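Chain by chain, the residues:
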Amino acid sequence: VLLHGIPQSWLMWATILPELAKHFRCIAIDLKGYGQSDKRRGDYRHEGVAAQVVSLLDTIGVGDFHLFSHDRGTVQADFIAASQGARVKRWVRGSQHLIHFHPDLAPQENLFSDLETRGILQDPLQMINWGFRRLCKYPISKPNVIRAVQEFSRPGTGLAVERYFQSSTFRKDWIDRRTRLIPAWRADTLVLQGSDEPPMPVENYAGLDEYLPDVEVELVDGGHFYVEENPAGTLEKALPFLRVA
């Protein structure tokens, strides 16, 4: 089960899906509000949307599963891993704050919710340009950029995505993680991030052994969008971990 981040859609996984699909049944969804998903008003708390993802898996008959999450999709995966401890077998947890958090590393929280700047979510070209230019180490291919713009251009996407940022804060996400989610995680976990992610310095993992002694940390040569920047490097790190019996 693959959960994307912002400003992307299920298509962020397209570069690695063919190889993953040789080994697994792959379910790559558009998170609520993104891409081709439903955009009506409703529960846009990460915990609530995570429960809806679990309901989807129940509806299509999925029992045990692996998770591969990235960015804001990882916030929802945090709740899924906590509530579905017996079902989540192995988890590649990508590009999201874990035990450390500093608000200076998350300026997008205010950017996407303040009245003066929230309009960026209604401008797909500006949104994709802001993310990809600022956070990439290597350029994403032009066809992938075009598809990302197309998916974020679907009517209602910007307004729907904004609801997440009106429903919670990065600090609340972090407090939930530290106080009630991490203690409930049971899945074997690989923390995966780009080697050069500006908002997530590798120093964030100092002291991780104290809280999660069995968690592995691996770096992919790339920036925040390493799945698309470096598909081969991503698979090199993630696939052996996921394929452990």
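Here, every reference points to the structure presented above.
Just so you know, these numbers come straight off a predicted model, no measurement behind them.

## Here we look at helix α3 (residues 72-83)
Part 1 of the reasoning: Taking 1.5 Å of rise per residue, the 12 residues of α3 would be expected to cover 16 Å, and the 18 Å separating its terminal C-alpha atoms lies within 8% of that figure.
Part 2 of the reasoning: Where burial is concerned, most of α3 is hidden: 11 out of the 12 residues are buried.

## Describing the sheet that holds strand β1 (residues 2-3)
Part 1 of the reasoning: The strand order β2-β1-β3-β4-β5-β6 describes an open sheet built from six strands, whose pairing is parallel. Whereas interior strands pair on both sides, the edge strands pair on one side only; in this sheet they are β2 (28-29) and β6 (216-220).
Part 2 of the reasoning: Pairing of strand β3 (residues 65-70) with strand β4 (residues 88-94) involves five bridges; the strand directions are parallel. Along β4, the bridge assignment pairs F65 with V88.
Part 3 of the reasoning: Running over the sheet, helix α11 (residues 231-242) touches β3, β4, β5 (188-194) and β6 and is turned about 175° from β5.

## Digging into the pattern of salt bridges
Part 1 of the reasoning: In the structure shown here, the tally under the stated rule is 18 salt bridges.
Part 2 of the reasoning: Taking the shortest distance from any N to any O, the salt bridge between D78 and R177 comes out at 2.7 Å. A residue pair is termed long-range when its members are at least 10 positions apart, and D78 in helix α3 and R177 in helix α8 (residues 170-181) qualify at 99 residues.
Part 3 of the reasoning: For E151, the salt bridge goes to R147, with nearest N and O atoms at 3.9 Å. One end of the pair is E151 and the other is R147, both in helix α6 (residues 142-152) and four residues apart, which spans about a single turn.
Part 4 of the reasoning: For R147, a relative accessible area of 38% corresponds to the partly exposed category.
Part 5 of the reasoning: In this structure, a network of salt bridges that share partners links the residues D43, R45, E47, K172, D176 and R180.

## Focus: the packing of helix α2 (residues 46-59) against α3
For any two helices packed against each other, one specifies the inter-axial angle together with the distance between the axes.
Part 1 of the reasoning: At a minimum axis separation of 8 Å, α2 and α3 run at an interaxial angle of 70°. By the angle between their axes, α2 is roughly perpendicular relative to α3. Counting all contacts with α2, which are made through H46, E47, V49, A50, V53 and V54, the residues of α3 involved are R72, V75, Q76, F79 and I80.
Part 2 of the reasoning: Among the residues forming the contact of α2 with α3, the class breakdown is seven nonpolar, two polar and two charged.

Each value, and the rule that gives it
- Residues numbered from 1 in each chain as written.
- Predicted model: local features only at pLDDT ≥ 70, side-chain atom pairs only at ≥ 80, totals over all residues.
- Heavy atoms only, no water.
- Helix = DSSP H or I, 4+ residues; strand = E, 2+ residues; numbered from the N terminus.
- Expected span 1.5 Å × (residues − 1).
- Buried < 20%, exposed > 50% of the residue type's maximum accessible area, 1.4 Å probe, protein only.
- Pairing = 2+ DSSP bridges.
- Contact = heavy atoms within 4.5 Å.
- Axes fitted to C-alpha atoms, helices over the stretch in contact; angles between N-to-C directions.
- Salt bridge = Lys/Arg side-chain N within 4 Å of Asp/Glu carboxyl O.
- Parallel < 35°, antiparallel > 145°, perpendicular 65-115°, else oblique.
- Nonpolar A, V, L, I, M, F, W, Y, C, P; charged D, E, K, R; others polar.

So yeah, pure geometry; function would need other evidence.
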